[in-house]
Amino acid sequence: MTKAERTKQFILEQAAPIYNEKGIAGTNVDDVLEATKLTKGSIYSHFENKEDLSIQVSDYLLDKICSGINLAMKRENSAKGKIFAYLDFNKTPLNTYIRGGCPIFNMAVESDDNNCTVKSKVSDIISTSQKNFASILRTGIEDGEFNSSLNPEAYAFKMFAAVEGATIMCRSMNNDQLMHGLIESLKSELLSYEI
């Protein structure tokens, strides 16, 4: 990496948790300046404007959460192992992989009515995630892990929606234990389809 690329990466890394906690609308350039200890000129030599910074930080956050989830799942060989790895990745909503909660959920809520670019990126990630989870479950059926009464698409949607919703609820109530119960329930449901 060049010095300029390292500086840009540093700005993205420092800005990411701020954006994840405060949102795009709630974050201003002064927040980023304070976190990075850089000048406004230095920030804007790497980003065209606040909107460009916000889009690139959003990309960074979404890439980071997806990479973390994929890495956890790739360590497993079975369909059950991969799904359980995803669930376990999300078991501590008060101490999330990226400070401030799940950026997928955070950005989905914020961009719903006012940021078409970010909304489209989040929509793509949610759609891709659903397809990937369903594909893993279908492979599990084909490999004889699960019986054919498991509906991969329905379970994938239920699991993803439950985990994302529970993350924000647990964070609001300052309680990880509720997520632990949900994850055990989702695991038990999947185990009921084991052959």
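Residues numbered from 1 in each chain as written. Predicted model: local features only at pLDDT ≥ 70, side-chain atom pairs only at ≥ 80, totals over all residues. Heavy atoms only, no water.

Draft legend 1. Broad picture of the overall build of the protein. When its secondary structure is counted, the protein shows nine helices and zero strands. Ordered by position in the sequence, the α and β elements of the protein form the string α-α-α-α-α-α-α-α-α. Across its three principal axes, the protein shows a C-alpha extent of roughly 60 × 35 × 30 Å. Among the 195 residues that make up the protein, the fraction classed as buried is 43%. Here the contacts in the protein between residues at least 6 apart in sequence split such that 69% fall between residues at least 24 apart. Of the roughly 10300 Å² of accessible surface on the protein, 51% is carried by carbon and sulfur atoms. Computed over 21 positive and 26 negative side-chain charges, the inter-centroid distance for the protein is 4 Å. (Helix = DSSP H or I, 4+ residues; strand = E, 2+ residues; numbered from the N terminus. Buried < 20%, exposed > 50% of the residue type's maximum accessible area, 1.4 Å probe, protein only. Contact = heavy atoms within 4.5 Å. Areas by Shrake-Rupley, 256 points an atom, 1.4 Å probe, with all protein chains shown as cover. Lys, Arg positive; Asp, Glu negative; His and termini not counted. Charge placed at Lys NZ, Arg CZ, Asp CG, Glu CD.)

Draft legend 2. Layout of the pattern of salt bridges. Under the counting rule described, the total for this entry stands at seven salt bridges. A salt bridge links arginine 138 to glutamate 153; the shortest N-O distance between them is 2.4 Å. In this pair, arginine 138 sits in helix α7 (residues 116-142) while glutamate 153 sits in helix α8 (residues 152-173), placing the two residues 15 residues apart along the sequence. Residue class for arginine 138 comes out partly exposed when judged on its relative accessible area of 34%. (Salt bridge = Lys/Arg side-chain N within 4 Å of Asp/Glu carboxyl O.)

Draft legend 3. Summary view of the side chain of glutamate 145. In this fold, glutamate 145 is placed in the loop between α7 and α8. For the buried glutamate 145, which has no salt bridge, the nearest side chain bearing the opposite charge is lysine 80, at an N-O separation of 6.4 Å. Among all residues touching glutamate 145, those that are not within four sequence positions of it are Ser78, Ala79, Lys80, Gly140, Tyr193, Glu194 and Ile195.

Draft legend 4. View of a nonpolar patch on the surface. Residues Ile168, Met169, Met173 and Leu178 make up a contiguous nonpolar surface patch of roughly 370 Å² in combined accessible area. With three residues, α8 is the largest single contributor of residues to the nonpolar patch. Structurally, methionine 173 is set in helix α8. (Patch = residues over 30% accessible without salt bridge, like charges linked within 9 Å, V, L, I, M, F, W, Y side chains within 5 Å.)

Draft legend 5. How the structure looks around the nonpolar core. Membership of the largest hydrophobic core comes to 51 residues, with the highest contact counts inside it found for Ile83, Tyr86, Leu87 and Tyr155. For this core, the secondary-structure elements that each account for two or more residues are α1 (3-26), α2 (29-36), α4 (50-74), α5 (79-89), α6 (103-111), α7, α8 and α9 (177-191). Beyond its immediate stretch of four places on either side in the chain, isoleucine 83 contacts Phe133, Ile136, Leu137, Tyr155, Met159 and Leu190. (Core = buried A, V, L, I, M, F, W, Y, C linked by side-chain atoms within 4.5 Å.)

Draft legend 6. Structural context of the packing of α6 against α7. Taken N-terminus to C-terminus, the directions of α6 and α7 make an angle of 135 degrees; their axes are 9 Å apart at the nearest point. Taken together, the axis directions place α6 and α7 in an arrangement best described as oblique. Between α6 and α7 lies a crossing whose hand is left-handed. Within the contact between the two elements, α6 uses Ile104, Met107, Ala108 and Ser111 and α7 uses Val118, Lys119, Val122, Ile125 and Ile126. (Axes fitted to C-alpha atoms, helices over the stretch in contact; angles between N-to-C directions. Parallel < 35°, antiparallel > 145°, perpendicular 65-115°, else oblique. Left-handed = near helix turned anticlockwise from the far one by under 90°.)

Draft legend 7. Focus on the state of the cysteines. The final tally for this structure, using the stated rule, is zero disulfides. Cysteine 66 takes part in no disulfide bond, and the closest cysteine sulfur to it belongs to cysteine 102, at a distance of 8.4 Å. With no disulfide of its own, cysteine 170 lies closest to cysteine 102 among cysteine sulfurs, the gap being 13 Å. Here cysteine 170 falls in the buried class, since its relative accessible area comes to 2%. (Disulfide = S-S within 2.5 Å.)

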